[in-house]
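What follows is the residue order along each chain.
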Amino acid sequence: MTPARRMPSPVKCASISRMEDIYCFAGNRLDRMSERRRDRDWVRSLLDDPASRMLPLYDLKPAVRDTAQPALEWQPVERWRARIEAGATCIFLGVDGGRAHFAIDATGADDGSNAASDNVDVRTLAPLIAAGEAAILAEARSLIDWHARHGFCAQCGTPTDVESAGWTRRCPNCKAHHYPRSDPVTIMLVVRGERALLGRNKRRPGRRFSCLAGFMEPGETPEEAVRREVREESGIRVGRVRYLAAQPWPFPSTLMMGFLAEGISEEITIDPEELAEARWFEREEIRAMVARAAAGEDDPTQLSLPQPIAIAHHLCRRWSTRLDEI
Ligand SMILES: [Zn+2]
């Protein structure tokens, strides 16, 4: 399957008093009901409820209904009963409209209808499905991937057991609890008057520029991480930092936190380990790059930006169209 449609425009989340843009992988409509996950009888009753739905992921790729409009293929839980009882990773995602939603690690399952080649990786699929569905998919992908890589106690090495409907692993030996993690990343558009700073990653060929970004480290605030990353990667000093929006990024489990940052120095000195180049762009130039990326243009000879699946696109869009200023 090839991507046929572009990412829909950001949606407004009406349930939040201060209306805000929701980007791909955000806007999950499920009620996670985290206070009830530990109630095994309640979770079992949901698994026995014929209204409940299951999303199988094969090697982290979801089952997809390949119609004119691709959609996640939610299936009856009953179809997966034997696999659940055999101990496959099964996660309670939440409830929507009175129906419980689960995900299961179906890797290696031979159920006839879903050859691995029929499934689409999450990055390709996400822009093609409804925004809320992409957010549920992010939740499922991050969780199943975490379980696949965290089968042993980090404290004593013993194989751990799944608890809380897939939201905890517990060590039967030392009794430690282990919880799924999200790794915070700061991503920022550094602006200075009518110009903004973009960098081109060493690993990215062509003329694709993007916002600077980096993982937060233990013992620092997001604002401190913004200032450190920008200084390390470009040599630019940052003054004010303004939070704009965030986006879950399930590869494997990152939280992208987007900022505008005030550049208070001019001269760029790139970190050659990270960047091939960095430079100041005029606001008009960035607006044109945003338009090309939104139109899905992919001409390697043209300056380009990430497509609308990524929050970097929206940071650039918001500043270049004067929706936001530092
Ligand atoms: Zn242990």
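All figures in this text were calculated on a predicted structure; none of them were measured in a lab.

Residues Arg123, Lys202, Arg203 and Arg204 make up a contiguous surface patch of positive charge. Inspection of the secondary structure assignment puts Arg123 in helix H3 (residues 122–125).

Applying the stated criterion across every chain yields a total of 24 salt bridges. Linking Asp39 and Arg36 is a salt bridge whose minimum nitrogen-to-oxygen distance equals 3.6 Å. Put simply, Arg283 and Glu194 hold a salt bridge, and the shortest N to O gap is 2.8 Å. Of this pair, Arg283 sits in helix H6 (residues 283–294) while Glu194 sits in the loop between strand S13 (183–192) and strand S14 (195–201), and the two are 89 residues apart along the sequence. What makes Glu194 partly exposed here is its relative accessible area of 38%.

The next point concerns the coordination of the zinc ion. Those donors, Cys153 (SG), Cys156 (SG), Cys171 (SG) and Cys174 (SG), are the protein atoms that reach the zinc ion, and they lie 2.2 to 2.4 Å from it. Mapped onto the sequence, the residues coordinating the zinc ion show the spacing C-x2-C-x14-C-x2-C.

As a further point, take the packing of H6 against helix H7 (residues 311–320). Between H6 and H7, the shortest axis-to-axis distance is 9 Å and the interhelical angle comes to 135°. With respect to each other, H6 and H7 are oriented oblique. Relative to H7, H6 is oriented so that their crossing is left-handed. In this structure, H6 contributes Arg283, Ile286, Arg287, Val290, Ala293 and Ala294 to the contact, and H7 contributes His313, Cys316, Arg317, Trp319 and Ser320.

Quick notes on the rules
- Residues numbered from 1 in each chain as written.
- Predicted model: local features only at pLDDT ≥ 70, side-chain atom pairs only at ≥ 80, totals over all residues.
- Heavy atoms only, no water.
- Patch = residues over 30% accessible without salt bridge, like charges linked within 9 Å, V, L, I, M, F, W, Y side chains within 5 Å.
- Areas by Shrake-Rupley, 256 points an atom, 1.4 Å probe, with all protein chains shown as cover.
- Salt bridge = Lys/Arg side-chain N within 4 Å of Asp/Glu carboxyl O.
- Lys, Arg positive; Asp, Glu negative; His and termini not counted.
- Charge placed at Lys NZ, Arg CZ, Asp CG, Glu CD.
- Helix = DSSP H or I, 4+ residues; strand = E, 2+ residues; numbered from the N terminus.
- Buried < 20%, exposed > 50% of the residue type's maximum accessible area, 1.4 Å probe, protein only.
- Donors = N, O, S within 2.8 Å, 3.2 Å for Na, K, Ca; no water.
- Axes fitted to C-alpha atoms, helices over the stretch in contact; angles between N-to-C directions.
- Parallel < 35°, antiparallel > 145°, perpendicular 65-115°, else oblique.
- Left-handed = near helix turned anticlockwise from the far one by under 90°.
- Contact = heavy atoms within 4.5 Å.

Shape descriptors only; they carry no functional weight alone.
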